[in-house]
Every structure is written in structure tokens, then in C-alpha cells.
Amino acid sequence: SYIAPDSYVDTNIKGTLNVLNAAGKEGCEKVVITSTSEVYGDPEVHPQTEEYRGNVNTIGPRACYDEGKRCAETLFFDYHRSHGLEIKVIRIFNTYGPRMAFNDGRVVSNFILQALKNEDLYIDGDGSQTRSFCYVDDLVDGMVRMMNTPKDVHGPVNIGNPTEFTIKQLAEQVVALTNSKSELNYSGEFREDDPMQRQPDITKAKELFDWEPVVELEAGLDKIVEDFKGRL
């Protein structure tokens, strides 16, 4: 069901508490929270380490999501300190892969759908903002490894691909891979509070459970393009 943006924080908090209370009641061995790189906001530190506390506008248009995830992390650590529940906190960076929803609003799915239809690719600002795209198989591998870490490892730990691309580069690569006639259409204005840089420091993931992504962007995009073609 659709959740209005202004209710996201409240819903996220209730859901997080429900999970934590159920885990405690049922005696779960451990519980993981999939947090997000958005807790770093529009970062003033690059790449982003887990120690960076972020640059988040708490009253901006994106705050409902950012603050919801930040609060969820807080609840996990409070529950761990109060009840001794073993927790694993993962901060996920931009993830993509087959079976993404056509209308989920993410830049990868938007671009591929537009390119396959030979429609213009709409880009915020001038496309100079960066993102780091992690293929879903790499993400799941990192999550499993994090879940199998010793009890004293709680996180947070960044899970993402440290290879950074501008949105313009992503758009150009999608057009080339799809042999599309699409053109790039720039808005000239960036969305309010939209992060200008996003790149994970994955040193902790490497040291704690020997993880780093192996799927390069072109290979991952090939898979999702074929999936979208089949579903279209």
C-alpha cells in the first residue's frame, strides 16, 4: 500500500519497533536492519565512512526518509544496549538489478525504461552529481557475510560499490547499451537536498568479512536491460 511521505518516519519507527519487539519475544539469535547511505545526507566528507555523522536537512523534502532511517538505527542500538539483542546494521548504497519495478523512481530503472522506449532521459541539474551503483548479487553477498560476523560486530557497515559515476555517465552508458535514439534532457536545476556526491568507503566490510563487489556497472546494466526488454 502507498505510504504518504509525511507519514514515513512514523511508519518506519513503528515497523522497526515491531521487528525489535518480535525478535526479543521470540528469542531471535540476531536481527539485521537495512539502513541507507541517505543517513549521510549531502556529504561534506568523501568518500563516506561509517564514522561520518552526516549532513542532513532535518526539515527538508527528503527528511522523512533520511530521518526515518537514522531513527531506526538509533532504535536498534538502544534495543541492543537495553535488552542485549544481537544486531547487525548495514548501510546500503544505490542498488540495482533485474526485476526492479518500472515505476519505482530510481535513476537506473528510469533511464533504462526511457531508453528502451526511445524517450528522452531526464537528468536533474547538469548530471554532474555522482552515485555508486551496487549490483544486487553483491549486496546480498555482503548482507549474508555481515549476518555471519561474530557477536561483537554490530556495525554500522557500508555495503556498496566504491566505483563512482556521474549521472551523466550513467545516462550515456544506458543509451549506448540499449542502442537507443534517446537524447539527454537536462533540467538545469538540482533537486533540493539531493546529494551531490555518493561513494562508500568499504574498508570495514573488507576487514570484517572480506567483502567487496565484483560485478561492474556495464555487466550489471546488461542483465537489467535484458530483464526489462523481456517484461516490456
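Counting of residues starts from 1 at the beginning of each chain's written sequence and follows it residue by residue. The predicted nature of this model means local features are confined to residues of pLDDT at least 70 and side-chain atom pairs, given and counted, to a pLDDT of 80 or more, with totals for whole chains, interfaces and linings taken over all residues. With hydrogens and water excluded, all non-hydrogen atoms of the structure serve as input to the side-chain values.

### Brief notes about the layout of surface pockets
A volume near 1500 Å³ is recorded for the largest pocket. The way it works is a 1 Å grid over only the protein atoms, where trapped points that fit a 1.4 Å probe form a cavity and open points with protein on both sides within 12 Å along at least five of seven lines form a pocket, and then any residue with an atom within 4 Å of a point lines it. Lining the largest pocket are 42 residues, and of these Asn 94, Asp 104, Gly 105, Arg 106 and Val 107 sit closest to its centre. Within the residue set of the lining of the largest pocket, elements represented by two or more residues are β1 (31-36), α2 (63-83), β3 (95-96), α3 (107-116), β4 (121-123) and α4 (136-147). Grid points are joined across faces, edges and corners, and a volume is the space filled by probe spheres set on the points. The numbering of helices and of strands both runs from the N terminus, where a helix is a DSSP run of H or I of at least 4 residues and a strand a run of E of at least 2.

### Observations concerning the packing of α3 against helix α7 (residues 217-231)
In this analysis an axis means a line fitted to C-alpha atoms, helices contributing only their contacting stretch, and an angle means the value between N-to-C directions, from 0 to 180 degrees. Orientation of α3 relative to α7, taken along the N-to-C sense of each, is 55°, at an axis distance of 10 Å. In this view, α3 runs oblique relative to α7, as classed from their interaxial angle. α3 and α7 meet at a crossing whose hand is right-handed. For the pair formed by α3 and α7, the contact residues are Val 108, Ser 109, Ile 112, Leu 113 and Leu 116 on the first element and Leu 221, Ile 224, Val 225, Phe 228 and Lys 229 on the second. Amino acids outside the nonpolar list (Ala, Val, Leu, Ile, Met, Phe, Trp, Tyr, Cys, Pro) and the charged list (Asp, Glu, Lys, Arg) are all regarded as polar, and Gly is one of them. For the contact of α3 with α7, the per-class residue count stands at eight nonpolar, one polar and one charged. By the definition adopted for this analysis, an angle is roughly parallel if under 35 degrees, roughly antiparallel if over 145, roughly perpendicular if from 65 to 115, and oblique otherwise. Here a crossing is called left-handed whenever its near helix is offset anticlockwise from the far helix by less than a right angle, and right-handed whenever the offset is clockwise. The criterion used for residue contact is that any of the two residues' heavy atoms lie within 4.5 Å.

### Examining the pattern of salt bridges
Between Lys or Arg on one side and Asp or Glu on the other, a salt bridge is scored when a side-chain nitrogen of the former is within 4 Å of a carboxyl oxygen of the latter. All chains considered together, the criterion is met by 16 salt bridges. Its salt-bridge partner being Asp 141, residue Arg 145 comes within 3.2 Å of it at the nearest N-O pair. Taken together, the positions of Arg 145 and Asp 141, both in helix α4 and four residues apart, correspond to about one turn of that helix. Partly exposed residues are those whose accessible area sits between 20% and 50% of the maximum for their type, while under 20% is buried and over 50% is exposed, using a 1.4 Å probe and protein chains only. On the basis of relative accessibility, which here comes to 31%, the residue Arg 145 falls in the partly exposed class. According to the relative accessible area criterion, Asp 141 is partly exposed, its value standing at 31%. Bridged by salt links that share partners, the residues Glu 38, Arg 62, Asp 124, Arg 131, Arg 191, Asp 194 and Arg 198 form one connected network.

### Some words on the side chain of Ser 37
Within the secondary structure layout, Ser 37 lies in the loop between β1 and α2. For Ser 37, a relative accessible area of 2% puts it in the buried group. If we ignore the near neighbours within four places in the chain, the residues touching Ser 37 are Ile 92, Phe 93 and Arg 198.

### Considerations on the sheet that holds strand β7 (residues 157-159)
Backbone-to-backbone hydrogen bonds join strands into a sheet, with any given pair of strands oriented parallel or antiparallel. DSSP calls a pair of strands paired once it identifies at least 2 bridges connecting them. Taken together, three strands build an open sheet; the order of strands is β1-β2-β7 and the sheet is parallel. In this open sheet, the two edge strands, each paired with only one partner strand, are β1 and β7. Taking each pair of neighbouring strands and ignoring which way they run, the sheet shows an average axis angle of 35°. Both strand β2 (residues 87-92) and β7 contribute to a ladder of three bridges, which runs parallel. Its bridge partner lying in β7, Ile 90 is registered against Val 157. Most of the contacts of α2 go to β1, to which it runs at about 155°, and overall it touches β1 and β2. In this fold α4 packs onto β1, β2 and β7, with an angle of close to 160° to the strand it touches most, β2.

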